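In case you want the letters, here they are:
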Amino acid sequence: MPELPEVETTRRGIAPFVEGKRFARVVVRDRRLRWPVPASLDRRLRGARVERVERRGKYLLLRTRAGTVLLHLGMSGSLRVVPSAVPPRAHDHVDLVLEGGMSVRLHDPRRFGAVLFTRADPACHALLCRLGPEPLGPELTGAYFHARARGRRTSLRNFLLDGGTVAGVGNIYANEAAFRAGIHPGCAAGRIARARFDVLARSLRAVLRAALRAGGTTLRDFAGADGAPGYFRTRLDVYGRAGERCRRCEGTVRRGRGGGRSLYFCDSCQW
């Protein structure tokens with residue numbers, strides 16, 4: 001699933017083509033995404049000017065005076081800015097057609113993505129109102145993590161995956177941040193000392209910034225708005241490296257399971 005670096009890479013990719021442009025129309029080839037694409041989307045957006053493109057967690061927000069388009073890439077979705085005349089591929093479900101002949105095209109083979117619309121403040125939308133702080137913002141500190149984790153038995157990895165704890169972090173970067181902090185991702189969050197959460201907060205920011213510089217991580221379907229893949233995969237320390245030598249010590253990277261997802265950790269230097 002695209003996580004914060006992939007979604008932010010997409011935002012940066014489409015923003016220069018979208019901001020300041022008006023929507024000419026909306027083409028919906030299949031409304032059956034995770035939530036149905038609103039039938040009124042074309043009517044609401046025609047002629048509306050995109051004032052800015054923002055990101056909140058894993059959601060993209062296209063703000064207009066008529067309202068805000070909420071986009072989510074789901075498990076395998078991606079956005080491309082393409083000439084509107086380019087024939088759609090299979091799984092190209094929605095085109096947000098801009099004046100001048102370009103389109104923001106959603107490609108989503110598994111149809112877990114979303115294209116929604118709200119006239120209200122998007123911060124109050126049901127999908128966004130309970131999200132925790134942005135991990136690259138000043139609110140994300142070791143003190144915040146420690147207070148949030150108090151008394152919780154959930155694993156550190158699942159603690160980081162909880163969007164109410166921190167917005168935009170998925171399995172890849174939760175495992176990578178735990179490795180950089182030297183904490184086992186299966187450790188109970190409520191048993192981690194404040195000082196170690198300080199290290200974790202710094203580690204999470206560092207791994208996300210590194211991934212952003214590399215354009216995200218391509219594991220299956222993700223690519224940036226220009227179609228270029230992300231290259232952070234080559235720099236992953238533990239995720240997807242089960243059985244390989246740890247890059248920090250003489251240990252071996254192991255794979256475990258928890259909450260239906262894989263845990264990756266060094267059997268020697270994470271505890």
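Residues numbered from 1 in each chain as written. Predicted model: local features only at pLDDT ≥ 70, side-chain atom pairs only at ≥ 80, totals over all residues. Heavy atoms only, no water.

**Observations regarding the overall build of the protein**
Then, number 1: Of the regular secondary structure elements, the protein holds 6 helices and 10 strands.
Then, number 2: Relative to a compact globule of 271 residues, whose C-alpha radius of gyration would be 18 Å, the protein shows 20 Å and is just as compact.
Then, number 3: With the principal axes as the frame, the protein shows a C-alpha extent of 55 × 35 × 30 Å.
Then, number 4: Classification of the 271 residues of the protein by burial places 54% in the buried group.
Then, number 5: At a minimum sequence separation of 6, the contacts of the protein that also span at least 24 residues come to 63%.
Then, number 6: Element-wise, carbon and sulfur atoms account for 48% of the exposed surface of the protein, whose accessible area totals about 12300 Å².
Then, number 7: Placing the 50 positive and 24 negative side-chain charges of the protein at their respective mean positions leaves the two points 3 Å apart. (Helix = DSSP H or I, 4+ residues; strand = E, 2+ residues; numbered from the N terminus. Rg over C-alpha atoms; globule rule 2.2 N^0.38 Å. Buried < 20%, exposed > 50% of the residue type's maximum accessible area, 1.4 Å probe, protein only. Contact = heavy atoms within 4.5 Å. Areas by Shrake-Rupley, 256 points an atom, 1.4 Å probe, with all protein chains shown as cover. Lys, Arg positive; Asp, Glu negative; His and termini not counted. Charge placed at Lys NZ, Arg CZ, Asp CG, Glu CD.)

**Considering the packing of helix α1 (residues 4-18) against helix α6 (residues 194-213)**
Then, number 1: The N-to-C vectors of α1 and α6 enclose an angle of 40°; their axes lie 9 Å apart at closest approach. Between α1 and α6, the angle is such that the two are oblique. Between α1 and α6 the crossing geometry is right-handed. Residues Pro 5, Glu 8, Thr 9 and Arg 12 of α1 pack against Leu 208, Ala 211 and Leu 212 of α6.
Then, number 2: Of the residues belonging to the contact of α1 with α6, the class tally is 4 nonpolar, 1 polar and 2 charged. (Axes fitted to C-alpha atoms, helices over the stretch in contact; angles between N-to-C directions. Parallel < 35°, antiparallel > 145°, perpendicular 65-115°, else oblique. Left-handed = near helix turned anticlockwise from the far one by under 90°. Nonpolar A, V, L, I, M, F, W, Y, C, P; charged D, E, K, R; others polar.)

**Comments concerning the pattern of salt bridges**
Then, number 1: One pass over the structure, following the stated rule, counts 19 salt bridges.
Then, number 2: Between Arg 12 and Glu 8 there is a salt bridge; the shortest N-O distance is 3.0 Å. Of the two residues, Arg 12 and Glu 8 are both situated in helix α1; the distance of 4 residues between them amounts to about one turn of the helix.
Then, number 3: For Glu 8, a relative accessible area of 8% gives the class buried.
Then, number 4: With a closest N to O distance of 3.0 Å, Asp 30 and Arg 32 form a salt bridge.
Then, number 5: The class for Asp 30 is buried, based on a relative accessible area of 12%.
Then, number 6: Each of Glu 8, Arg 11, Arg 12, Arg 55, Arg 56 and Glu 134 takes part in one network of salt bridges that share partners. (Salt bridge = Lys/Arg side-chain N within 4 Å of Asp/Glu carboxyl O.)

**Examining the state of the cysteines**
Then, number 1: Following the criterion strictly, the structure yields 0 disulfides and no others.
Then, number 2: Between Cys 129, a free cysteine, and Cys 124, which holds the nearest cysteine sulfur, the sulfur-to-sulfur gap is 7.5 Å.
Then, number 3: The class for Cys 129 is partly exposed, based on a relative accessible area of 39%.
Then, number 4: Here Cys 269 stays free of any disulfide, with the sulfur of Cys 266 as its closest cysteine sulfur at 3.5 Å.
Then, number 5: Residue Cys 269 is classed as buried on the basis of its relative accessible area of 19%. (Disulfide = S-S within 2.5 Å.)

**Section: the sheet that holds strand β6 (residues 92-98)**
Within a sheet, adjacent strands bond to each other through the backbone by hydrogen bonds, running parallel or antiparallel.
Then, number 1: Spatially, β1-β6-β7-β5 is the arrangement adopted by the 4 strands of the open sheet, whose pairing is antiparallel. The two strands at the open ends of the sheet, each matched to only one other strand, are β1 (23-28) and β5 (78-83). Strand-to-strand twist across the sheet, computed as the mean angle between neighbouring axes with direction ignored, equals 20°.
Then, number 2: Sheet contacts for α1: β5, β6 and β7 (102-107); angle to β5, the most-contacted strand, approximately 30°. (Pairing = 2+ DSSP bridges.)

**Focus on the pairing of strand β8 (residues 114-118)**
Then, number 1: Summarising burial for β8: 5 of the 5 residues are buried, a large majority.
Then, number 2: Going residue by residue along β8, you find Ala 114, Leu 116 and Thr 118 tucked away on one face and Val 115 and Phe 117 tucked away on the opposite face as well.
Then, number 3: In this structure, strand β4 (residues 67-72) lies alongside β8, joined through 5 bridges in antiparallel fashion. Each bridged residue has a counterpart across the sheet, and for His 72 the counterpart in β8 is Ala 114.

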